[in-house]
Amino acid sequence: MSEEPAERRAHELGDVFLDAIYAIPGGDKIKQCIQCGTCSGSCPTSYAMDYSPREIIAALRAGMLDRVLKSNTVWLCTSCYYCTVRCPSGIKITDMMYELKRLGVDFGLVQKGAIAPTVSKAFVNMVDNYGRVHETMLVMSVFLKTKPWALLKMMPQGMKLIARGRLPFFPHKIKGISEMNKCAGAMTGAMVGGLHPGGPSAKEA
Amino acid sequence: MAEKIGVYVCHCGSNIAQMVDCKNVVDYAAALPNVTVAREYQYMCSDPGQEIIKKDIKELGLTRVVVASCSPLMHELTFRRAVEEGGLNQFLFQMANIREQCSWISENKEMATERAKAIVGAAVKRVAFQEPLQEKKVPVNPNVLVVGGGITGIEAALQLADSGKKVYLVEKEPTIGGYMARFDKTFPTLDCAACILTPKMVNVAQHPNIELISYSDVTRFSGYVGNFTARIRRRPRYVDEEKCNGCGLCTEKCPISVPSEFDCGLGKRKAIYRPFPQAVPNVPVIDREHCLFFTKGICKVCVKFCPRGAVNFDQKEEFEDLQVGTAILATGFDLFDASKVKQYGYGRLPNVVTSLEFERFSHASGPTGGKIQLKNGQMPQSVAILHCIGSRDTNFNEYCSRVCCMYSMKMAHLVHEKTGAKVYEFYIDIRAFGKGYEEFYKRLLKEDTVFIRGKAAEVTDFAQTPAEKGKLIVVAEDTLLGITRRIPVDMVVLSVGFEPRKDAADLARTFSISRSQDGFFLERHPKLAPVSTASDGIFIAGSCQGPKDIPDSVAQGAAAAANALSLIDRKEVTLEPTVAVIDEESCSGCKICLGLCPFNAIVFDDTKKVSRVNDALCKGCGVCVAACPSGAIEQRNFTDDQLLAEVESACASAK
Amino acid sequence: MSSNYEPKIVGFLCKWCAYTGADLAGTSRIKYPPNVTPIRVMCSGRVDPVLVMKALSSGADGVLIAGCHPGDCHYTSGNVKTIRRFKLLQKMLDQFGVERDRVRLEWISASEGEKYAQVVENMTETLRTLGPLNWDGGKEA
Amino acid sequence: MESRMEFTYYPGCSLEGMNKAYDQSARLVSKSLGIDLKELNDWNCCGASAYMSIRELRAHLLSARNLAIAEREKKDLAVVCPACYTNLTKTNHYMGEDAKLRRTVGSALKAANLQYMGTVKVRHLLDVIVSEIGESEVRAKVTKPLSGLKTAPYYGCQFTRPLGDYDDKEFPTMLDTLLKWLGAEPVNFPLKAKCCGGILMTTNESVALSLVRSLLDCATQNGGEAIATICPLCHMTLEAYQGNVNKAFSTSFKVPMFYFTQLMGLAFGFSKKELGINQELISSKALLERRLEAR
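Please read these numbers as outputs of a predicted model, since none were measured by experiment.

Calculation criteria
Every chain's residues receive numbers from 1 upward, in the order its sequence appears when written. Chain letters start at A and ligand numbers start at 1, both assigned in the order the entries are written. Per-residue local features of the predicted model are confined to residues with pLDDT of at least 70, and side-chain atom pairs are confined, for both listing and counting, to 80 or more; whole-chain, interface and lining totals are unaffected and use all residues. To get the side-chain values, take all heavy atoms of the structure and skip hydrogens and water. Here a cavity is any set of points on a 1 Å grid over the protein atoms alone where a 1.4 Å probe fits but cannot get out, and a pocket is any open set with protein on both sides within 12 Å along at least 5 of 7 lines; a residue lines the site when it has an atom within 4 Å of a point. Grid points are joined across faces, edges and corners, and a volume is the space filled by probe spheres set on the points. Working definition: helices are DSSP H or I runs of at least four residues, strands are E runs of at least two. Numbering for both runs from the N terminus. Charged means Asp, Glu, Lys or Arg here, nonpolar means Ala, Val, Leu, Ile, Met, Phe, Trp, Tyr, Cys or Pro, and polar covers whatever is left, Gly included. Note on definitions: a residue-residue contact is assigned when non-hydrogen atoms from the two residues lie within 4.5 Å. Residue ranges for the domains originate in an automatic or database domain assignment. Simply put, the buried area is the total loss of 1.4 Å probe accessible area from both parts when two parts are fitted together. Salt bridges, as used here, are contacts in which a Lys or Arg side-chain nitrogen is within 4 Å of a carboxyl oxygen on Asp or Glu. Polar contacts here mean pairs of N or O atoms no more than 3.5 Å apart (in protein, one a potential hydrogen donor and the other a potential acceptor; neighbouring residues in sequence count only if both atoms are side-chain atoms). By disulfide we mean two sulfur atoms from cysteines, separated by a distance within 2.5 Å. Exposed residues in this analysis have more than 50% of their type's maximum accessible area, buried residues have under 20%, and partly exposed residues fall in between, with area computed by a 1.4 Å probe over protein chains only. Being paired, for any two strands, means DSSP has found at least two bridges between them. To get an axis, a line is fitted to the C-alpha atoms, and for a helix only the part in contact is used. The angle between two axes follows their N-to-C directions and goes from 0 to 180 degrees.

Further remarks concern empty space enclosed by the protein. One way to see where empty space is left: roll a probe the size of a water molecule over the atoms. Tallied over the full model, the rule gives 18 cavities of 30 Å³ or more. The calculated volume of the largest cavity comes to roughly 300 Å³. Lining the largest cavity are 24 residues, with B:Pro72, B:Gln94, B:Met95, B:Glu646 and C:Arg40 sitting closest to its centre. Those elements that place two or more of their residues in the lining of the largest cavity are α3 (72-85), β4 (93-97) and α5 (109-127) of chain B together with β2 (36-41) of chain C. The element contributing the most residues to the lining of the largest cavity is β4(B), with five residues. Looking at the lining of the largest cavity residue by residue, the classes come out as twelve nonpolar, five polar and seven charged.

Following this line, the structure appears as structure tokens:
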């Protein structure tokens, strides 16, 4: 009865999330998960996850979305795809993790203080503005937003790279950037973000 | 002539009635031309259901009957019999399938009812054109062909032979015994496999009613139920089976040693060899690939030492035709190739072995004399057994191989007993469904076998801690704890699953039988006809139908024998009269049909210049009927008139 | 055409493979549109083009011919003859101006219940887009 | 050398920055093998994982734009970054399989007068060199064999997973093969296709560093004196963070890193400068002198 509002929301969203996952190519395969643990055993970072990928699927199917959202699991996925190629049920677990990241961001439900969504957003901004990623700028902007002190720590490394000409200062902007954004605009608003109507970022787009 | 047709719509409990408005269908049928009576009933196949038909035939003078119920594959024979008992020729009956292909597949009652009406209407129209036919009876040849000499084929052959029937047992290897001959112990009772198998093998060898044809295969199979001809190809052994007394001197003296297939390449055999000491027949075979005579034209040591002059390098491949009435296929399975799953390191990491290799290690007459040992000859102190290798996996085979859980636990017990090593079982689910199996699982738990619920993710030799140095590390999520564990062990055994034989497709073609989606042979009915096939007189038993353990295989071998016996003891079988007939008046003698018939059932009469069908050979496919440019050929019970009537009505009556 | 148009399909199914496969779809309770009236033949090789034309001229919107996979024919090679005959059939359809998509040849084994259901579903969908045939068998021409 | 194979070439963002030596050396050795790489006109980001984490459709659109431009050139697209390979190929596959995605992305492309019919094949340069150019051609170019250079062949994740079907997904061997052709000695490297953790370096450094440490451990324990890479992110991670690993775990790794194209270039007789080896963070000078120049 005394559920936190966020938890209640998580419960309500359980079905929305499941449907969103079913909708990605091959997404409904999670119905056929046999909970064998191949994914988690194959995952290079599962030891640091609050819940293993197998447990994430179990929680999703049980409608316990709060577990999924509160965990650091999806943002620890490195896209190594071992789980995907080994899964005996043919589940594209990595793709599922991407979808969960998008859902978290779209619904504003990411873990507090998580850096990874910030990095991803900075990445997206840069690509949308320049068409390409400029590593120096990306790193700078992320650290300025999250932990500026860390930049100092990285100075010696950075100087080395600069000395070897490996840190160009100015970003390259592609010629087709405006037409690229026109293309993106041609897709409906809801589609540009995730596919999740109601999510705040869908409105932004 | 106006026919009097009776139409009977079956509810099949609620199977049909809940999706098809049967009353509506009956009303529709009653209004069709020539329909005298239309009724509905709960279960038409029941005795009272059949009685209704019989009574109506007698009292209303019906001349044709249509039953709308399940698939003809289920009950066509039942109703034909009822019609016959009612006094009508059984071919004046037509079945309308409104269950499998109508009610069961529909979600909309209105649409399903319309479809049912169309199907019934078509049957009513068709039945009016049907003609009385007489079934042909032919004698059954009592000889039986059994293909495959594993435990299943052995059981089938012995059962048949003991009842006095002649059995030809064809085995493609030099010896019978199959996989079971390679196993050490058998679960859950832990009988020694050889102790219970070898006596049966000897029985086969000595049985007066069994002709064992080893090192041979079936290349062609033709004819029809009760009267088949099997073409056997005998490969040359280069040793005369009649002369050889199995003394083994040739093998002893042969200078060439090569890896033994029987021992999975772990042990050696000679170029003239018996796969194992208790081989049946107890006659060696010469391996042409390695024999010095065949490769270099020298040596002949075996010839020199054979006291009976049995070695014969001039033997040639021979073909022989056998006449049999029935055949039992017990061709078994292949094991999954573990090297396909790269993450377990089979073939790359020494001491990762398959379960069959383990059996050979553990076998008293195996390459290590029954010692379970590592590549360096030492005894393992810890062993991991990985379940479901190649099974329950969409990347390889989706099905469960059924036996691996149990044989894995048997291996765990043997490791424990013989080495005292710590044993880990990595499993997804334990499937211990047979008699005494769950009890065996409990016993293993008591023996301190460590069961880790989680499919192994990988096996690596990269050590991350000093304790892992020099070990194989099995990485898996312990799903009951929700943590990934790294378990260092000395030996990893991969419990490989079953697969259809590589040549299963060819064999299915040779015998005109089907395969299920997984590639194993398809039974006629999964519950009620598990050893029959869609081809009359051809039975399947054991793991060629799907993975099975020894008790189930033996049961199926015996079941197939009983099925064959039941057919033989009928003495004669009735053949479907749905053969082709040629109207000599209309035949133009163009001979197109001759080239089309796959059974050479059509002959050309040179004097009358017309074609004629030999109805003993005709199997009633109807290909010639469709091709005849003069429309001179008809297929009984599938005549143009009948099919055209059915087609016309199928379209017209639907809404 | 009214929105509740339901195409009528005549299915010639060989007894050994396709008919058994269609039965399996039912036994497995797979749902698909009940638009096919099945007609059982011993072999797809029995399906004379005349039967197909008869179906189309009698009110069928489409015809499905289904047999064993090539190489798996119960009669060794009946379905090979079906393939050849089917090509001829397609030319006939062209002559009469009937869309080729209305007549399909499919290989369905006794274990492919799911495939049968998919084929019927897919074919029903195609015929819904094509609309009713209303062909008189070429009498006018 | 006359060119026998023509590709459009997609360097990817990371080859413009910290990994420009990869780009430099890839172009150089390709040219000498007769592979004509024409840089894709005005290419854009492939929609890499950070982008995919936020926007699905638009990530596909990014890849589709590149593919559409490549299709206009009527050539297949060669890439060197495995992550770019994965993203471009994924979009290529999914647009082929999923009609809805094809329609949505297709109509969006129209806004820029672009269209994509699905005819472009994305190829990884290593695959092209090993499968198409082949042993005899490569060996024929080798003037300074890398004799005795004990190299750990490091593939990383996305060279074959999930979509690259030209090599084994668990134990790829193409790089091993190529190293042998160059005269080098590929060492046993059980972790050859494991994750380097690079993507976590900014967000979860401790997890990332322990992954890097395992790789360095594994490579050196098996006798590797250098690591050959095919992925710019892996390369950067293993090169730039060896110091951090040493600090965190009190180790003392100093393993020189080479892009596979740099090793090819060395064997083909190009200078270290031409190949961008002078841009390295961990000096390979001593190693190369000991192994190659001492002979």
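Between all four pairs of chains that are in contact, chains A and D come out with the most contacts. Across the gap from chain A to chain C, with no contact made, the nearest C-alpha atoms are 17 Å apart. Without any contact between them, chain C and chain D keep their closest C-alpha atoms 15 Å apart.

In this section: the domain arrangement of chain D. Residue and element names in this part refer to chain D. Looking at chain D, the domain boundaries give domain 1 (6-125) and domain 2 (136-284). Computed from C-alpha atoms alone, the centre-to-centre distance between domain 1 and domain 2 is 24 Å. At the interface, 26 residues of domain 1 touch 29 residues of domain 2. In total, domain 1 and domain 2 occlude about 2,300 Å² of area from one another, counting both sides; carbon and sulfur atoms represent 70% of this. Linking domain 1 to domain 2 there are zero salt bridges. Across the contact surface, domain 1 and domain 2 share seven residue pairs in polar contact (both at pLDDT 80 or more).

Moving on, we come to the state of the cysteines. In a disulfide, the sulfur atoms of two cysteines are covalently bonded to one another. Under the criterion given, the structure shown has two disulfides over all chains. A sulfur-sulfur separation of 2.4 Å characterises the disulfide bridge that pairs B:Cys192 with B:Cys195. Here B:Cys192 and B:Cys195 share a disulfide; its torsion about the S-S bond, 95°, makes the bridge right-handed. There is a disulfide in this structure between C:Cys17 and C:Cys68, and the S-S distance comes to 2.4 Å. One disulfide, between C:Cys17 and C:Cys68, carries an S-S torsion of 100° and so falls in the right-handed class. Taken together, the residues C:Cys17 in the loop between β1 (9-14) and α1 (18-27) and C:Cys68 in the loop between β3 (62-67) and α3 (78-96) connect sequence positions 51 residues apart. Given the relative accessible area of 3%, C:Cys17 is considered buried. D:Cys84 carries a free sulfur, and the closest cysteine sulfur to it, the one in D:Cys81, is 3.6 Å from it.

Turning our attention to the sheet that holds strand β20 (residues 352-354) of chain B. Neighbouring strands of a sheet are bound in pairs by backbone hydrogen bonds; such pairs are parallel or else antiparallel. Residue and element names in this part refer to chain B. The five strands are arranged β20-β27-β21-β22-β23 in an open sheet whose pairing can be described as parallel. The sheet terminates laterally at β20 and β23 (450-453), the two strands that pair on one side only. The mean angle between the axes of side-by-side strands here comes to 25°, regardless of whether they run parallel or antiparallel. Along the sheet, helix α11 (residues 355-362) contacts β20 and β27 (491-496); its crossing angle with β20, the most-contacted strand, is approximately 90°.

The subject of this paragraph is the interface of chain D and chain B. Contacts between the two partners involve eleven residues from chain D and, on the opposite side, ten residues from chain B. Taken together, the two surfaces of chain D and chain B that pack against each other cover about 820 Å², and 54% of this comes from carbon and sulfur. For the chain D face of the interface with chain B, the top three residues by lost area are D:Glu170, D:Phe171 and D:Gln221, together amounting to 45%. In this assembly, chain D and chain B are joined by two salt bridges. Measuring nitrogen to oxygen at the nearest pair gives 3.5 Å for the salt bridge that ties B:Lys342 to D:Asp168. Applying the counting criterion to the chain D and chain B interface returns two residue pairs in polar contact (both at pLDDT 80 or more). Partitioned by chemical class, the residues of the side of chain D that touches chain B number four nonpolar, three polar and four charged.

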